[in-house]
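Below are the chains, spelled out letter by letter.
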Amino acid sequence: MRTSLYAGLAGAVILGLTASPAFAQETTEDAPFNGLYVGAAGGYDVQRNDAGSSILFDRNLDGRFGDAVTTAAGANAFSSGFCNGATTATTLTGGRGCRKDKDGAAYYGRVGMDTQRGNIVVGVVGEFGKSEITDSVTAFSTTPASYVMTRSVDWEASIRGRAGYAVNTTLFYGTFGAGYAKIDRDFYSTNTGNAYQQSGKRQQFGILGGGGIEQKVTPNISVGMEYMFHQYQDDDFRVRVTQGTQPATNPFVLAPNTTGTDFRRSDDKFRWHSLRATAAFRF
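Reading the values: rules and limits
- Residues numbered from 1 in each chain as written.
- Predicted model: local features only at pLDDT ≥ 70, side-chain atom pairs only at ≥ 80, totals over all residues.
- Heavy atoms only, no water.
- Phe/Tyr/Trp six-rings, centres within 6.5 Å; stacked < 30°, edge-to-face > 60°.
- Lys NZ or Arg CZ within 6 Å of the ring centre and 35° of its normal.
- 1 Å grid on protein atoms, 1.4 Å probe; cavity = no way out; pocket = protein on both sides within 12 Å on 5 of 7 lines; lining within 4 Å.
- Points joined across faces, edges and corners; volume = space filled by probe spheres on them.
- Nonpolar A, V, L, I, M, F, W, Y, C, P; charged D, E, K, R; others polar.
- pLDDT = per-residue confidence, 0-100.
- Helix = DSSP H or I, 4+ residues; strand = E, 2+ residues; numbered from the N terminus.
- Contact = heavy atoms within 4.5 Å.
- Disulfide = S-S within 2.5 Å.
- Buried < 20%, exposed > 50% of the residue type's maximum accessible area, 1.4 Å probe, protein only.

Draft legend 1. How the structure looks around the packing of aromatic side chains. Enumeration according to the criterion identifies 17 aromatic pairs in this entry. One aromatic cluster is present, built from ring pairs that chain together Phe57, Phe78, Phe82, Tyr147, Phe187, Tyr196, Phe252 and Phe263. A cation over an aromatic ring shows up here: Arg162 above the ring of Tyr173, its NZ or CZ 4.5 Å from the ring centre. Here the guanidinium or amino end of Lys216 rests over the ring plane of Phe33, the centre of that ring lying 5.6 Å away.

Draft legend 2. A look at the layout of surface pockets. In this structure, the second largest pocket occupies an estimated 210 Å³ of space. Around the second largest pocket, the lining comprises 15 residues; the ones closest to its centre are Ser141, Thr143, Tyr147, Asn250 and Pro251. Considering only residue class, the lining of the second largest pocket consists of seven nonpolar, eight polar and no charged.

Draft legend 3. Local environment of the confidence of the model for the protein. With 88% of its residues at a pLDDT of 70 or more, the protein has an overall mean of 88. When mean pLDDT is compared element by element in the protein, strand E5 (residues 120-131) scores highest at 98, while helix H2 (residues 21-24) scores lowest at 37. Per-residue pLDDT stays below 50 along residues 1-28; that stretch engages in 26 contacts with residues further than four places along the chain or on separate chains.

Draft legend 4. Quick look at the state of the cysteines. Tallied over the entire structure, the rule returns one disulfide. Between the sulfur atoms of Cys83 and its disulfide mate Cys98 the distance is 2.4 Å. Taking the sign of the torsion about the S-S bond as the criterion, the disulfide between Cys83 and Cys98, at about 90 degrees, is right-handed. Of this pair, Cys83 sits in strand E3 (residues 81-83) while Cys98 sits in the loop between E3 and strand E4 (104-117), and the two are 15 residues apart along the sequence. For Cys83, a relative accessible area of 5% gives the class buried. Exposure remark for Cys98: the relative accessible area of 26% places this residue in the partly exposed category.

Quick look at the structure:
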């Protein structure tokens, strides 16, 4: 439903801009999208559902994940299951106790340069900003207890190419390029008996792509609407669970490997979608 709402908003903006040729003609120039500009973008970010997301275990610390964590009696310690969100509950019953991932606002500053030849516009844009989204996954043990791994965007920078087609003072464009983000990861558990060590680098490279429409409203100022897709490979975050104050029969430190157990997320890509309004001042 939310995706349909955004598609409707984007369609309304495009229809409103392209259905006003008289307005578009008010600031006619030979090359209205030529030159250096600075601007801002702000809107709302949403995430995919991550259906089937879980936490994987490396019980013997050989670097390969997918091991079963079993109790001293040989039972699966995580037979209670997983949820693709965050929770503070200790049990998952009929889907209850699992909260959806948090979508949120996004805000960016940008600087770019375009060259216009006839109707064709090509250029480059650099951007820096932040998204308020948080992506989580939870595992439930039979203890009962919950184990939550989260990630969020501290900041994101990108540099992208841009190419489009200008109709008078209206520009339709696509954009694609590289991103670099600081991804904050965290872990928490209702199990306070074991001890936890977190590791993994926080800066990640990624890709961004999308498109939009830009409308000149004065010779120097333009506004628009833009869609962007963001994707980062995020597969190196690890949580090592050690004995802490638990007995030697604890599933994470059962002999013969008493060192502990490593956790990682099964979903190794951090992805989200943005729909945002833009504004720019062109020199």
